[in-house]
Amino acid sequence: MGVAGEQCGDVLFMEPGGLRDLLRGLAGESALLSPTRTEHGFDLIRVEPGEAAVDPPWNGARTIPPLKGLWFRPAAVVARSTPETSGAGLDPAPIAVYGARACDLQGLAILDRVLRDHVFREPVYCASRERNLIISGDCTEPAESCFCTLLGGLPHPTAGFDLNLAPVSGGYVVEVGSARGRALVGQHTGRFAPASSEQVEERDRARQQVEERVRRQNERFATREPFERAIEKNLKTRIWGEVAATCVECGACNLACPTCHCFQLQDAAPSGAPLRFSLWDSCISAGHARMAGGGTPRLQLTERFKNHYYHKFVSFPRNWGVTACTGCGRCIDVCPGRIDKRSVLLQLETRWIPSEVAEVE
Amino acid sequence: MNDLQPMRARVEDVQVETPTIRTFVLRPERPVPFRAGQFVQLGIPGIGEAPFTPSSSPAVAERLETTVLRTGFVTNALHALEPGAEVGLRGPFGKGYPIDHFRDREVLVVGGGVGLAPLRALLYHLFSAMHWVRRVVIRYGARNPAELCFRRQYAEWAALERVDFLETIDRPAAGWNGRVGLVTTLLDDLDIDIPNACAVSCGPEVMLKFVTYKLLDIGLPPERIFLSMNRNMSCGMGICGRCNVGPFFLCKDGPDMCYADIKDIPYALG
Ligand code: SF4
Ligand code: SF4
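In this numbering scheme, every chain counts its residues from 1 along its sequence in written order. A letter from A marks each chain and a number from 1 marks each ligand, given out in the order of writing. Confidence filtering applies because this is a predicted model: local features only for residues at pLDDT of at least 70, side-chain atom pairs given and counted only at 80 or more, and all residues used for totals across whole chains, interfaces and linings. With hydrogens and water set aside, each side-chain value is computed from the structure's full complement of heavy atoms.

Asker: An account of the side chain of glutamate 167 of chain B is requested, with residue identities and associated values reported.
Answerer: Along the chain, glutamate 167 of chain B turns up in strand S9 (residues 163–169). Working definition: with a 1.4 Å probe on protein chains only, accessible area under 20% of the residue-type maximum means buried, over 50% means exposed, and in between means partly exposed. Two residue types count as positive, namely Lys and Arg, and two as negative, namely Asp and Glu; His and chain ends fall outside the count. Here, a salt bridge means any Lys or Arg side-chain nitrogen found within 4 Å of an Asp or Glu carboxyl oxygen. For the buried glutamate 167 of chain B, no salt bridge is present, and the opposite-charge side chain at shortest range is arginine 179 of chain B, 4.0 Å distant. By the criteria applied, helices consist of DSSP H or I runs no shorter than four residues and strands consist of E runs no shorter than two, each listed in order from the N terminus.

Given below as structure tokens:
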């Protein structure tokens, strides 16, 4: 693979003790979010300054909750009644995230486009994005629901991190991805050594194996055509009613999704002074597109279900140049209706038959 | 700059148009230059905001009018406002009417109910530009005489040179001697030069649908039919996710859409 340690100044090696110290330091300066093992998998919780002394856990795949909520808050005050005070409360504390995965970083890159780098700047998102540090890691234990490779992703980060860690014998190969990451390394110089070519090779071998594993587990879901095409040719077929049959409209897939970013603005004056809140919304919920007077263009669940896929795989790419799915598989894990997006997309391709066309013009 | 932060606007006057429609004359703290068809988010601090297309002339940015049908939570609260009240305003958003397409054309304007409000901004624009449009033909319908919006202005409009205005009500009503029938009935024998005409329509979705079919019937191509669409538009920048018609987000790509762009999208017109 040609990535020799000696040639790449930014590939370093760190022992577990170094990582512990690094995280301990971060927990003191900012809100440190770190994976924590629960009976369901890894959750992401805030580490109190003293706690970072214990060995940081290694989450081999993404955490259960998406990271988006750290920046794109489930509920945030985004404006106030008087413009003079509108900046107040929009200066969130610095955060440091440990254990982000490639798909998390891709999710964040997508949200950056929409909430920060376009005409619109979501104020809380932008403010918290400026003050974050992200330490990501290679995936070592992908979940069965992981399908990043079907979306052109890889199970190891290639961009969007400050530091990336890959476990190798005796420690971690550390890649520096930003000036902020370089500064952090500078503060802890004693903890880092240049990675040897053996260490980098070990990392790359592990990467290849994990990538293979994710590819293999998704072979049966591979489609011949792009997902976009499968959806478009089914816009008027009845197949959506069948694939959505077990959907209970809970909206968990929206909440768990690292790219879903529908929000609703709600004005209220909880303590006298009017505030404007932004709240996460769900395109599966019946009220999502409801208009004044009660009418909605997507009355039927099947229409909303279809729109969910259409937006992610057809209209979002057209508007933003990237598919709004990272293949993290969280929607599969959280769905009480056992709906697997991969299988839905495959069915759209393979089960399409002309006689299913509901409306013929 | 916080895009979600409204500027302040003072309600200078409230005009009662119909039992359910009022026009609010607003003076925003800063001028709001807008194009006909673009919309603003108008809100009451602590209550909520909703999208409205100004019904006043786009030539005036310091003072704008929004004509509001009372139909839900925010509009109920707006209707309770009196002159002197303060509201919040964001915008303008959207593309507005594709005025350039109207050059040297006969412009057919078809409105229904409060749909005449956005169209009035367009009419003001067209009336000031009659040197480059051939004719303006207006057809308007409301459910009953009391719901005819801007009724005081019809005679004045009809009297303008190269402007033609006809109104109708859906069902016969006591004391009404004018035309009766849905607005589509006024499109049956139009004396317009179809090959050189374009149409703009705004009104309830079901009306838009039948107006569109009628326009296609009389020979207008989809490329020359423009519809002011209704969806739930909130952020105004194509982000918050609910105002889409297929791949288009009405708040940034509309709210006025060319029928050619949406005709193949399932359920675009309900
Ligand atoms: S989807 Fe891919 S990148 Fe994300 S956790 Fe699973 S294996 Fe890792
Ligand atoms: S998680 Fe499953 S059941 Fe819940 S809304 Fe999504 S698809 Fe429907």
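Next comes the rest of the description.
Asker: Describe the site of ligand 2, naming the residues involved and giving the relevant values.
Answerer: The cutoff for a nearby residue is simple: one of its non-hydrogen atoms must lie within 4 Å of the molecule or strand. Ligand 2 sits among Cys247, Val248, Glu249, Cys250, Gly251, Ala252, Cys253, Ile284, Phe305, Cys335, Pro336 and Ile339 of chain A. Here the shell around ligand 2 is built from residues that sort into 10 nonpolar, 1 polar and 1 charged. Think of it as three bins: nonpolar holds Ala, Val, Leu, Ile, Met, Phe, Trp, Tyr, Cys and Pro, charged holds Asp, Glu, Lys and Arg, and polar takes everything else, Gly as well.

Asker: Any details on helix H1 (residues 16–29) of chain A? Residues and values, ideally.
Answerer: For H1 of chain A, spanning 14 residues, the distance from its first C-alpha to its last is 20 Å, which sits close to the expected 20 Å at 1.5 Å a residue. For H1 of chain A, every residue scored as buried is listed here: Gly18, Leu19, Asp21, Leu22, Leu23, Leu26 and Ala27 of chain A. A helix is expected to span 1.5 Å multiplied by its residue count minus one.

Asker: Please provide a residue-by-residue account of the interface of chain B and chain A, values included.
Answerer: Across the boundary between the two partners, chain B contributes 34 residues, which contact 47 residues of chain A. Roughly 3,200 Å² is buried in total at the junction of chain B and chain A, and carbon and sulfur atoms are behind 54% of that figure. For the interface between chain B and chain A, the tally reads 2 salt bridges. Among the salt bridges present, the one from arginine 276 of chain A reaches glutamate 49 of chain B, with a minimum N-O distance of 3.0 Å. Pairs of N or O atoms are called polar contacts if they sit within 3.5 Å, as long as, within protein, a hydrogen donor faces a hydrogen acceptor (for residues adjacent in sequence, only side-chain-to-side-chain pairs). Connecting chain B to chain A are 14 residue pairs in polar contact (both at pLDDT 80 or more). Elements with a contribution of two residues or more to the side of chain B that touches chain A: strand S4 (48–52) and helix H5 (250–253) of chain B. The residue makeup of the side of chain B that touches chain A, split by class, is 13 nonpolar, 12 polar and 9 charged. The contact rule is simple, with two residues in contact once any of their heavy atoms fall within 4.5 Å. Accessible surface is computed with a 1.4 Å probe, and the buried area is the amount of it that two parts give up when combined, taken over both parts together.

Asker: Please set out the domain arrangement of chain B residue by residue, giving values where relevant.
Answerer: All names here are of chain B. Domains assigned within chain B are domain 1 (7–93) and domain 2 (99–228). Taking only C-alpha atoms, the centre of domain 1 and the centre of domain 2 are 24 Å apart. Taken together, the contacts link 16 residues of domain 1 with 14 residues of domain 2. Among the residues domain 1 hides against domain 2, the three largest losses belong to Glu17, Ala36 and Ser55. Together they make up 35% of the total. Along the contact surface separating domain 1 from domain 2 lie 2 salt bridges. With its nearest N and O atoms 2.8 Å apart, the salt bridge here joins glutamate 65 to arginine 120. On the surface where domain 1 and domain 2 come into contact, there are 3 residue pairs in polar contact (both at pLDDT 80 or more). Counting only elements with at least two residues in the side of domain 1 that touches domain 2, the list comes to strand S2 (21–28) and strand S5 (64–69). What counts as a domain boundary in this text is fixed by an automatic or database domain assignment.

Asker: Account for the packing of helix H9 (residues 301–320) of chain A against helix H11 (residues 341–350) of chain A, with residues named and values stated.
Answerer: All names here are of chain A. Close contact between H9 and H11 brings their axes to 13 Å; oriented N to C, the two are set at 85°. When the axes of H9 and H11 are compared, the pair comes out roughly perpendicular. Contact with H9, carried on its side by His308, Tyr309, Lys312 and Phe313, involves Lys341, Val344 and Leu345 of H11 and no other residues of that element. Lines are fitted to the C-alpha atoms to define the axes, a helix being fitted only along its stretch in contact, and any angle between axes, read from their N-to-C directions, falls within 0 to 180 degrees. When an angle is under 35 degrees it counts as roughly parallel; over 145 it counts as roughly antiparallel; between 65 and 115 it counts as roughly perpendicular; any other value is oblique.

Asker: Requested: an account of the pattern of salt bridges, with residues and values cited.
Answerer: All names here are of chain A. Inspection of every chain in the model, using the stated rule, returns 42 salt bridges over all chains. A salt bridge links aspartate 267 to arginine 276; its shortest N-O distance comes to 2.8 Å. You can call aspartate 267 buried: its relative accessible area is 10%. The structure contains a network of salt bridges with shared partners spanning Asp138, Glu175, Arg203, Asp204 and Arg207.

Asker: Now, about the domain arrangement of chain A: what can you tell me, with residues and values included?
Answerer: Residues and elements named next belong to chain A. Domain assignment breaks chain A into domain 1 (11–65 + 89–220) and domain 2 (223–260 + 286–350). For domain 1 versus domain 2, the distance between C-alpha centres works out to 28 Å. With 22 residues of domain 1 at the contact, the number on the domain 2 side is 21 residues. Counting the surface lost from both domain 1 and domain 2, the interface buries some 1,900 Å², and carbon and sulfur atoms represent 63% of this. Three residues, Ile110, Phe147 and Leu151, lead the burial of domain 1 against domain 2; their summed loss comes to 30% of the area buried on that side. For the interface between domain 1 and domain 2, the tally reads 2 salt bridges. Taking the shortest distance from any N to any O, the salt bridge between arginine 62 and aspartate 333 comes out at 2.9 Å. At the junction of domain 1 and domain 2, the tally comes to 12 residue pairs in polar contact (both at pLDDT 80 or more). Residue classes in the side of domain 1 that touches domain 2 are distributed as 11 nonpolar, 6 polar and 5 charged.

Asker: Would you mind going over the packing of aromatic side chains in detail, with residue names and values included?
Answerer: Residue and element names in this part refer to chain A. Each Phe, Tyr or Trp ring, with Trp reduced to its six-membered ring, pairs with another whose centre is within 6.5 Å; inter-plane angles below 30 degrees give stacked pairs, above 60 give edge-to-face pairs, and intermediate values give tilted ones. Applying the stated criterion to the full structure yields 18 aromatic pairs over all chains. Ring centres 6.1 Å apart and planes at 20° place the aromatic pair phenylalanine 120 and phenylalanine 263 in the stacked group. Here the residue phenylalanine 120 occupies a position in the loop between helix H2 (102–115) and helix H3 (123–130), and phenylalanine 263 occupies one in strand S10 (residues 263–268), the gap between them amounting to 143 residues. Classification of phenylalanine 263 as buried rests on a relative accessible area of 0%. Aromatic ring contacts, followed pair by pair, group Phe227, Trp240, Phe305, Tyr309 and Phe313 into a single cluster. In this structure, lysine 341 is placed above the aromatic ring of tyrosine 309, and the distance from its NZ or CZ to the ring centre is 5.2 Å. For a lysine, the NZ atom is tested; for an arginine, the CZ atom; a charge sits over a ring if that atom is within 6 Å of the ring centre and within 35 degrees of the ring normal.

Asker: So what's going on with unusual backbone geometry? Which residues, and what values?
Answerer: The linkage connecting glycine 91 of chain B with the following residue, proline 92 of chain B, adopts the cis geometry, with an omega of 5°. Secondary-structure assignment places proline 92 of chain B in strand S6 (residues 86–93). Of note, glutamate 249 of chain A is a non-glycine position whose phi angle comes to about 60°, a positive value. You can see glutamate 249 of chain A is positioned in the loop between helix H7 (239–243) and helix H8 (252–256). Residues other than glycine seldom take positive phi values, yet phenylalanine 150 of chain B does so here, at roughly 60°. Along the polypeptide, phenylalanine 150 of chain B turns up in the loop between strand S8 (135–142) and helix H3 (154–158).

Asker: Describe in detail helix H4 (residues 179–187) of chain A, supporting the description with residues and values.
Answerer: Residues and elements named next belong to chain A. Every buried residue of H4 is listed here: Gly181, Leu184 and Val185. Each buried residue of H4 lies within a common arc of 100° when the element is viewed along its axis, so the set occupies one face. Counted as exposed and oriented over 90 degrees from the buried face of H4: Ala179 and Gln187. A distance of 3.3 Å separates the backbone nitrogen of arginine 180 from a side-chain oxygen at the start of H4, and that oxygen is part of serine 178. Directions drawn from the helix axis to the C-beta atoms are what define this arc.

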